[in-house]
Amino acid sequence: MTETTQLPILVLGGTGKTGSRVVTALRARGATVRVASRSAEQRFDWTDDRTWGPALAAVSAVYLVPLDGVPTGPAFVRRAVDAGVERIVLLSARGTDVPGYFAADDPGNQARLDLEAALRASGIEWTILRPGWFAQNFSEGFFRDEVRAGELTLPTGAASVSFVDTEDIAAVAVAALLDPGHAGETYELSGPRAVTFDEALAEIAAVTGRQARYVPVDPAGYTAELIARGLPELDASMWASALNGIHRGLEAKISDGVQRALGRPARDFTDFVRAAAATGAWTA
Ligand SMILES: NC(=O)c1ccc[n+]([C@@H]2O[C@H](COP(=O)([O-])OP(=O)(O)OC[C@H]3O[C@@H](n4cnc5c(N)ncnc54)[C@H](OP(=O)(O)O)[C@@H]3O)[C@@H](O)[C@H]2O)c1
């Protein structure tokens, strides 16, 4: 990067599963960081564009975590270019460019495709990360409460998933934000091996002593069940659409992005389980 390297790097979703790790890793490399989200020090809301200008003022680069289903990404990219941002690293998702991976009427995937296209056409340096399902869904995300309660219910059949550790996603993001050689790259990211939900829960039980069982349910009617449980309709349909890729076996694929970007293998699910257990993710 050029003379503006000393300017801060804006990290959107800076309190989330990848953003918080990007913040830590950037600081470890001596970079100045502006942490942004609705609850962060720099208030940023995807649904309120008055918060975008202050977040984008005098930053060199952006780690961009989009809000699923919100179509304002391309407008944000234009604002970033106008503000003088030199480089954007986008967190997208695996399967985004594969027809049928997500449900055809999934507004989340259309918004992601539009955002990727806007970034490629922006004229500034860009890197796109397309991770599969995060391992940290078990310890910090959607699966955690059910794992702690002893029963994880999903419409995903007997499929296996090459869960990617968000530490790896952050490491790739930081390399792309700070180092040369990643501009114009699209990195598909996964872990080095696929595990079934039964195997994943058995690994967690082996380390924590806490048993949880996987309960596969019929995908038909799952969205309606989520809505009945109180999830907003849009969130329920995007969630079911994202799980569709797992159910169809597409998330078992091993992707080479971590190796390509960092020159080392991706972290294994077992390493994730040990690290998360040590923080008390399932027992505290
Ligand atoms: N989870 C997965 O397995 C997975 C896999 C592939 C791709 N992805 C993609 O990764 C992205 C993040 O997913 P995640 O669910 O794991 O979430 P996350 O990054 O753990 O959390 C969401 C982040 O966005 C912020 N946020 C929420 N609403 C916001 C708003 N209206 N305006 C600005 N910031 C907002 C949150 O902070 P505040 O609440 O403080 O605003 C938080 O920092 C999504 O685009 C998703 O499609 C996820």
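Everything that follows concerns the structure shown earlier in this document.
Residues numbered from 1 in each chain as written. Predicted model: local features only at pLDDT ≥ 70, side-chain atom pairs only at ≥ 80, totals over all residues. Heavy atoms only, no water.

### Looking at the environment of arginine 148
As for its placement among the helices and strands, arginine 148 is situated in helix H5 (residues 144–149). Residue arginine 148 is classed as partly exposed on the basis of its relative accessible area of 25%. Arginine 148 sits 112 residues away from arginine 260 along the chain, and the two C-alpha atoms are 35 Å apart. Arginine 148 has contacts with Arg210, Gly280, Ala281, Trp282, Thr283 and Ala284, leaving out every residue within four places of it along the chain. A distance of 3.2 Å separates a polar side-chain atom of arginine 148 from the backbone oxygen of alanine 281. (Helix = DSSP H or I, 4+ residues; strand = E, 2+ residues; numbered from the N terminus. Buried < 20%, exposed > 50% of the residue type's maximum accessible area, 1.4 Å probe, protein only. Contact = heavy atoms within 4.5 Å. Polar contact = N/O pair within 3.5 Å; in protein donor to acceptor, adjacent residues only side chain to side chain.)

### Regarding the packing of helix H1 (residues 19–28) against helix H6 (residues 166–178)
Between two packed helices, what matters for the description is the angle formed by their axes and the separation of those axes. The N-to-C vectors of H1 and H6 enclose an angle of 50°; their axes lie 9 Å apart at closest approach. Taken together, the axes of H1 and H6 are oblique relative to one another. For H1 against H6, the interelement crossing comes out right-handed. Residues Arg21, Val22, Ala25 and Leu26 of H1 form the contact with H6, whose participating residues are Thr166, Glu167, Ala170, Ala173, Val174, Leu177 and Leu178. Residues that form the contact of H1 with H6 fall into these classes: eight nonpolar, one polar and two charged. (Axes fitted to C-alpha atoms, helices over the stretch in contact; angles between N-to-C directions. Parallel < 35°, antiparallel > 145°, perpendicular 65-115°, else oblique. Left-handed = near helix turned anticlockwise from the far one by under 90°. Nonpolar A, V, L, I, M, F, W, Y, C, P; charged D, E, K, R; others polar.)

### A few points about the packing of helix H3 (residues 73–82) against helix H4 (residues 107–120)
Relative orientation of the contacting elements H3 and H4 amounts to 20°, with a least axis distance of 8 Å. The angle between the axes of H3 and H4 places the two elements in the roughly parallel class. Here the hand of the crossing between H3 and H4 comes out right-handed. Where H3 abuts H4, its residues Gly73, Pro74 and Val77 lie against Asp114, Leu115, Ala118 and Leu119. Tallied by class, residues from the contact of H3 with H4 come to five nonpolar, one polar and one charged.

### Observations regarding the nonpolar core
In this structure, Phe138, Phe143, Phe163, Phe197 and Trp282 are the most contacted members of the largest nonpolar core, which totals 35 residues. Residue assignment for this core shows that the elements contributing at least two residues are strand E7 (151–154), helix H7 (197–208), helix H8 (222–228), helix H9 (233–247) and helix H11 (269–278). Broken down by element, this core gets its largest block of residues, six residues, from H9. Within the second largest apolar cluster, 29 residues are counted, among which are Val22, Val164, Tyr187 and Ala261. (Core = buried A, V, L, I, M, F, W, Y, C linked by side-chain atoms within 4.5 Å.)

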